[in-house]
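The primary structure of each chain is shown beneath.
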Amino acid sequence: MFPLMDSMRIKYVIIHELCHLVHHDHTQKLIDLQTKEMLDWEKWKMKLERLLYS
Ligand SMILES: [Zn+2]
């Protein structure tokens, strides 16, 4: 099972996956779009990884 996630971590995952509808890779274009939609995504990615892999 997935650990309990707060709404910001979930928001990061959804935004990331939605960005993949436009860019099917992890290039700078995807990063740019992701940053446009969620400025502090890096912080939430880190928090998500900390939760999943700790
Ligand atoms: Zn991805």
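Looking at an unreviewed UniProt entry, one finds the chain named YgjP-like metallopeptidase domain-containing protein and attributed to Aquipluma nitroreducens.

Peer 1: An account of the overall build of the chain is needed here, citing residue identities and associated values.
Peer 2: Within the chain, the regular secondary structure consists of three helices and zero strands. Secondary structure of the chain in N-to-C order comes out as α-α-α. In terms of principal-axis extent, the alpha carbons of the chain reach across some 30 × 20 × 15 Å. Every one of the 54 residues in the chain was classed for burial, and the buried ones make up 9%.

Peer 1: Pulling in residues and values, what's your account of the UniProt feature "domain: YgjP-like metallopeptidase" (unreviewed entry) in the chain?
Peer 2: With numbering aligned to this structure, UniProt lists the feature "domain: YgjP-like metallopeptidase" (unreviewed entry) at residues 10-50. Along residues 10-50 the backbone is 80% helical and 0% strand, and the end-to-end C-alpha distance reaches 14 Å.

Peer 1: Describe the packing of helix H1 (residues 7-22) against helix H2 (residues 28-37), naming the residues involved and giving the relevant values.
Peer 2: Packing of H1 against H2 brings their axes to within 9 Å, and their N-to-C directions diverge by 135°. Considered as vectors, H1 and H2 are oriented oblique to each other. For the element pair H1 and H2, the recorded crossing hand is right-handed. Residue-level contacts link Ile15, His16, Cys19 and Val22 of H1 to Leu30, Leu33, Gln34 and Glu37 of H2. Class assignment of the residues belonging to the contact of H1 with H2 gives a composition of five nonpolar, two polar and one charged.

Peer 1: Now, about the confidence of the model for the chain: what can you tell me, with residues and values included?
Peer 2: Summary statistics for the chain give a mean pLDDT of 94 and a share of 94% for residues scoring 70 or more. Highest mean pLDDT in the chain belongs to H2 (98); lowest belongs to helix H3 (residues 41-52) (95).

Peer 1: Please set out the packing of H1 against H3 residue by residue, giving values where relevant.
Peer 2: Remark: H1 packs on H3, axes separated minimally by 9 Å, with the N-to-C direction vectors making an angle of 110°. Taken together, the axes of H1 and H3 are roughly perpendicular relative to one another. Along its contact with H1, which presents Met8, Arg9, Tyr12 and Ile15, the element H3 presents Trp41, Trp44, Lys45, Lys47, Leu48 and Leu51. For the contact of H1 with H3, a count of residues per class yields seven nonpolar, no polar and three charged.

Procedures and definitions
Residues numbered from 1 in each chain as written. Predicted model: local features only at pLDDT ≥ 70, side-chain atom pairs only at ≥ 80, totals over all residues. Helix = DSSP H or I, 4+ residues; strand = E, 2+ residues; numbered from the N terminus. Buried ≥ 20, exposed ≤ 12 C-beta atoms within 10 Å, placed from the backbone. UniProt positions renumbered as here; feature names shortened; annotations may be inferred. Axes fitted to C-alpha atoms, helices over the stretch in contact; angles between N-to-C directions. Parallel < 35°, antiparallel > 145°, perpendicular 65-115°, else oblique. Left-handed = near helix turned anticlockwise from the far one by under 90°. Contact = placed C-beta atoms within 7 Å. Nonpolar A, V, L, I, M, F, W, Y, C, P; charged D, E, K, R; others polar. pLDDT = per-residue confidence, 0-100.

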